[in-house]
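Given next are the chains, with one letter for each unit.
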Amino acid sequence: MLQHYSDYNLFTSSPEEKLYIRRQIKTGLLQGKTIAIKDNIAVKGWQLSCASGILANYLSPYHATVVQRILDGDGTIIGKTNLDEFAMGSSNEHTIFGSVKNPVDSTKVPGGSSGGSATAVALGVCDMALGSDTGGSVRQPAAFCGVYGLKPTYGRVSRYGLVAFASSFDQIGILSNSTQDAALLLQVIAGHDPSDATSSDRQVPDYLKKLSEPEQHKVGIPWEQITDGADVEIIDRLKSLITFLKSSGCDVKNINLPHLRYSIATYYILTMAEASSNLARYDGVRYGLSDRKNVLENMYRDTRSAGFGEEVKRRIMLGTYILSSGYYDAYYKKAQKVRRLIRDDFVNVFKNVDVIILPTTPTPAFDLGENLNDPIKMYLSDIFTTPINLAGIPALSVPAGTHSSGLPIGLQLVGDFFNEETILRLSYYIECNYTK
Ligand code: GLN
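Successive residues of a regular strand alternate their side chains across the two faces of the sheet. Extensive coverage of strand 9 (residues 355–359) is indicated by the burial of five of its five residues. Side-chain alternation along strand 9 places V355, I357 and P359 on one buried face and I356 and L358 on a second face that is also buried. With five bridges connecting them, strand 9 and strand 11 (residues 408–415) associate as antiparallel partners. The residue bridging P359 from the neighbouring strand is L411, located in strand 11.

Printed below as a string of structure tokens:
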């Protein structure tokens, strides 16, 4: 353990500057709770850096809907957390604020891109934190740091005020030290928002009340798709959890998700395409950094060359290529079709089971610097998280014991569309009854 939380590079802006609504009597669900916000979610008057040089000095003129709801719920916001630039990464090393360190072993990465949020929660700097999950950025750091990480169904939580990376994947999620805290924060932030046309108007259930309702779940495990490539000790933890669930009366079935192996390729093609379009707005005119020492055409090039980091540039260039005429059909359109096949695999399986269990990651946290010069290796670590975003369904990473290296292991409970209450309930049952 390092000496002080500042040694972990958790925050992008001062946590001294707390934010809450001054009320005499606080009765909201979040009274007494401290919450950190990933620095790609807007807090009015605070820096919104996305850990990027291009937005380093940019202040947000408004609150994201989730932030307004937290304040209305009497939560206290304690600061903005570090991330991979524009949420692109799996290690929290692509950031102008310095790599975040894993809270259990500071020679390891905390995961990404919500590494600052996961580490802040794991160290007890705050009760809960918001992250964003486009392809695993809440669940993978949760697994690497030994905390809970919930990615809700696409559309369950408003994205208004979340800086766009890949809009058809992005979803705000929650990091916490308990299932109850995850349910509590979801209760506050979920629900329709007129400012986000993709947010759902489905009624928000009472997650907290339903947590302890008894239920014997039908659980599916895609053994064929997970045994190759995952660390043996992670598979052992999965087997141990299954034995426990069977002894608790759950009906456990082997299932098949035949298109899962195409997830990484499909995810990276589609998200790079969306990112190249979303990040076109950082042109030196509208936001943040502006390099105007030359003629107009050079302003765009100079600003973007100086402001974006290497990984973001790689994705913008690949995304632009993927969308270019001639390659659009071969890559983008094809990937859209495969996305549908992956989604349909889940739809079919959920006709027979309530929850799917998967490892969150194929390995525990890796060394700082280990995958930094090998982007493909970095991308491959997202094999179990990206399919969930391709489908748009909810998933919760739960702490499930410790690896012989001493690092935490996380397993994912995956639910059907808008069925957060089922995975929260199973998580609560595991938290209360399963000895890791
Ligand atoms: N690691 C994935 C990526 O680099 C996921 C990122 C995310 O969920 N924001 O794209």
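The sheet built from eleven strands is open, its strands ordered 1-3-2-4-6-5-10-11-9-7-8 with mixed pairing. One side of each edge strand has no neighbouring strand; the edge strands of this open sheet are strand 1 (11–13) and strand 8 (251–254). Put simply, the sheet's adjacent strands are angled 30° from each other on average, direction ignored. Direction of pairing for strand 10 (residues 395–402) relative to strand 11: antiparallel, over a ladder of six bridges. Opposite T402, over in strand 11, you have P408 as the bridge partner.

Let us now look at empty space enclosed by the protein. This structure, assessed with the given rule, holds two cavities of 30 Å³ or more. The calculated volume of the largest cavity comes to roughly 90 Å³. Lining the largest cavity are 15 residues, with G89, S90, S137, Y267 and D382 positioned closest to its centre. A breakdown of the residues in the lining of the largest cavity according to their chemical character gives five nonpolar, eight polar and two charged. Here the second largest cavity is characterised by a volume of approximately 30 Å³. Around the second largest cavity sit H94, E311, R314, N371, L372, P375, M378 and Y379, which together line it. At three residues, the largest contribution of residues to the lining of the second largest cavity is made by helix 12 (residues 375–380).

Take I383: it is sitting in the loop between helix 12 and helix 13 (386–391). Between the C-alpha atom of I383 and that of I264, which follows or precedes it by 119 residues, the distance is 5.9 Å. With residues up to four places along the chain from it excluded, the contact list for I383 reads L260, I264 and P362.

The phi torsion of most residues other than glycine is negative, and most of the peptide bonds are trans. In this structure, S113 follows G112 across a cis peptide bond, with omega equal to 10°. Here S113 is to be found in the loop between strand 3 (76–81) and helix 2 (115–122). Positive phi values are uncommon outside glycine, yet C50 reaches one of about 55°. Of note, C50 is situated in the loop between strand 2 (34–38) and helix 1 (65–72).

On to the site of the ligand. Close contacts around the ligand come from 15 residues, with S90, G135, S137, Y267 and R315 the closest. Between the ligand and the protein, one listed contact pairs a nitrogen atom with a side-chain N or O atom of S90 at 2.7 Å. Between the ligand and R315 there is a distance of 2.7 Å, counted from an oxygen atom to a side-chain nitrogen or oxygen. In isolation the ligand exposes 290 Å². Once the protein is present, 99% of that is buried. Placement of the ligand is best described as lying within the largest cavity. Grouping the amino acids of the shell around the ligand by side-chain chemistry returns five nonpolar, seven polar and three charged.

Once that is clear, we can look at the environment of N92. With respect to the helices and strands, N92 occurs in the loop between strand 3 and helix 2. With a relative accessible area of 0%, N92 lands in the buried category. Taking the C-alpha atoms as reference, N92 lies 7.6 Å from N82; in sequence the two are ten residues apart. The residues contacting N92, other than those within four sequence positions of it, are N82, L83, D84, S99, V100, P110, G111, G112, S113, S114, G115 and G116. Among the polar contacts listed, one links the side chain of N92 to the backbone nitrogen of G116, at a separation of 3.1 Å.

The next point concerns the environment of S200. Relative to the elements of secondary structure, S200 occurs in the loop between helix 4 (179–189) and helix 5 (207–210). Residues S200 and L241, 41 residues apart in the sequence, show an inter-C-alpha distance of 33 Å. Each residue touching S200, except ones within four places of it in the same chain, is listed here: G155, R156, G191, H192 and F418. One polar contact links the side chain of S200 to the main-chain amide nitrogen of R202, over a distance of 3.0 Å.

Let us now look at the packing of aromatic side chains. For the structure shown, the criterion picks out 17 aromatic pairs. Here the aromatic rings of F169 and Y267 are separated by 5.6 Å at their centres, their planes lie at 90°, and the arrangement is edge-to-face. Here Y267 lies in helix 8 (residues 263–278) and F169 lies in the loop between strand 5 (148–151) and strand 6 (172–176), a separation of 98 residues in the sequence. Three or more aromatic residues link up through ring pairs in this structure, and these residues are Y58, F86, Y282, Y287 and F308. One residue, R339, lies across the ring of F169, its end atom 4.0 Å from the ring centre.

What counts as what
- Residues numbered from 1 in each chain as written.
- Predicted model: local features only at pLDDT ≥ 70, side-chain atom pairs only at ≥ 80, totals over all residues.
- Heavy atoms only, no water.
- Buried < 20%, exposed > 50% of the residue type's maximum accessible area, 1.4 Å probe, protein only.
- Helix = DSSP H or I, 4+ residues; strand = E, 2+ residues; numbered from the N terminus.
- Pairing = 2+ DSSP bridges.
- Axes fitted to C-alpha atoms, helices over the stretch in contact; angles between N-to-C directions.
- 1 Å grid on protein atoms, 1.4 Å probe; cavity = no way out; pocket = protein on both sides within 12 Å on 5 of 7 lines; lining within 4 Å.
- Points joined across faces, edges and corners; volume = space filled by probe spheres on them.
- Nonpolar A, V, L, I, M, F, W, Y, C, P; charged D, E, K, R; others polar.
- Contact = heavy atoms within 4.5 Å.
- Near = heavy atom within 4 Å.
- Polar contact = N/O pair within 3.5 Å; in protein donor to acceptor, adjacent residues only side chain to side chain.
- Areas by Shrake-Rupley, 256 points an atom, 1.4 Å probe, with all protein chains shown as cover.
- Sits in = over half its atoms within 2 Å of the grid points.
- Phe/Tyr/Trp six-rings, centres within 6.5 Å; stacked < 30°, edge-to-face > 60°.
- Lys NZ or Arg CZ within 6 Å of the ring centre and 35° of its normal.

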